[in-house]
Amino acid sequence: MAFHILVVEDEAKLAKFIELELKYEGYNVSVASDGFAGLAAARESHPDLIVLDWMLPGISGLEICRRLRTTGDKVPIILLTAKDEISDRVAGLDAGADDYVVKPFSVEELLARVRAQLRRNQEENPDRLEFADLSLNRTTREVYRGDRLIELTAKEFDLLEYLLAHPRQVLTRDQILEKVWGYDFMGDSNIIEVYVRYLRLKLEANNESRLVHTVRGVGYVLRESQ
Ligand code: CA
């Protein structure tokens with residue numbers, strides 16, 4: 001699944017240029033051309049990264065940064081600024097931007113910053129968990145096997161999330177019960193078998209290879225089939 005990048009830039013030509021370059025690199029791109037539309041798009045579409053112009057009609061890029069951070073949104077933000085003053089850079093970083101690029105910039109520079117931020121964000125805060133052709137997004141709660149969207153119930157999602165957070169580690173039945181169902185779960189511990197069966201049916205609906213394996217007498221492990 002490609003990363004979704006939101007570009008908030010009021011100069012139409014520059015916005016188009018950035019959009020095309022990012023699309024060429026394989027990103028999904030959406031564009032907003034003023035501050036209010038940018039803030040709304042950031043909140044509604046949960047992009048993986050925002051390329052945010054500082055000077056915008058409506059509300060400024062700086063203010064968008066502040067508002068997103070105030071509500072706990074940790075999306076990586078790269079500020080575009082025509083200003084090259086040290087104090088402005090500090091203000092941008094203080095407002096919660098992760099990086100900035102000074103206009104005029106080369107597209108290579110912007111792309112390098114984008115890659116660096118996406119990489120750093122994934123390492124620090126893996127909103128998206130991936131293993132083999134399986135990916136899970138903790139924010140949108142979407143799960144994909146390749147290009148196929150998989151509908152999971154809340155518990156199936158929690159179980160898969162726990163497995164994806166610990167790839168290739170054997171998780172005991174007790175660990176799974178505790179993390180997915182909670183300490184005080186009093187029901188039948190066969191519940192794990194039942195849910196693993198549901199999960200496999202959905203993950204292997206197109207005859208895909210098995211990823212959730214049984215470790216007899218112990219528990220389960222997420223690994224590729226051998
Ligand atoms: Ca502008």
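Everything below is about the structure shown above.
Below or above, wherever it landed, is the structure these notes cover. On a predicted model such as this, the values are computed, not experimentally measured, just so you know.

Procedures and definitions
Residues numbered from 1 in each chain as written. Predicted model: local features only at pLDDT ≥ 70, side-chain atom pairs only at ≥ 80, totals over all residues. Heavy atoms only, no water. Pairing = 2+ DSSP bridges. Helix = DSSP H or I, 4+ residues; strand = E, 2+ residues; numbered from the N terminus. Donors = N, O, S within 2.8 Å, 3.2 Å for Na, K, Ca; no water. Buried < 20%, exposed > 50% of the residue type's maximum accessible area, 1.4 Å probe, protein only. Axes fitted to C-alpha atoms, helices over the stretch in contact; angles between N-to-C directions. Contact = heavy atoms within 4.5 Å.

**A few points about the pairing of strand 6 (residues 128–131)**
Summarising the sheet, strand 6 and strand 7 (residues 134–137) pair through four bridges and their orientation is antiparallel. Within strand 7, the position partnered with Arg128 by the bridge is Asn137. Here strand 6 folds back onto strand 7 in antiparallel fashion, the turn holding two residues, of which Ala132 has a positive phi close to 50 degrees.

**Topic: the coordination of the calcium ion**
The coordination sphere of the calcium ion contains the protein donors Asp10 (OD), Asp53 (OD) and Met55 (O), at a distance range of 2.1 to 2.3 Å. All donors of the calcium ion belong to a single chain; written as a sequence motif, their spacing is D-x42-D-x1-M. The exposed category is assigned to Met55, whose relative accessible area is 52%.

**Overview of the sheet that holds strand 7**
In space, the four strands of this open sheet follow the order 6-7-8-9, with antiparallel pairing throughout. Whereas interior strands pair on both sides, the edge strands pair on one side only; in this sheet they are strand 6 and strand 9 (148–150). This sheet shows a mean twist of 20 degrees between the axes of neighbouring strands, independent of strand direction. Its contacts with the sheet place helix 6 (residues 154–165) against strand 6, strand 7 and strand 8 (142–145), and it is angled at close to 115 degrees to strand 7. Contacting strand 7, strand 8 and strand 9, helix 8 (residues 191–203) runs over the sheet at an angle of about 160 degrees to strand 9.

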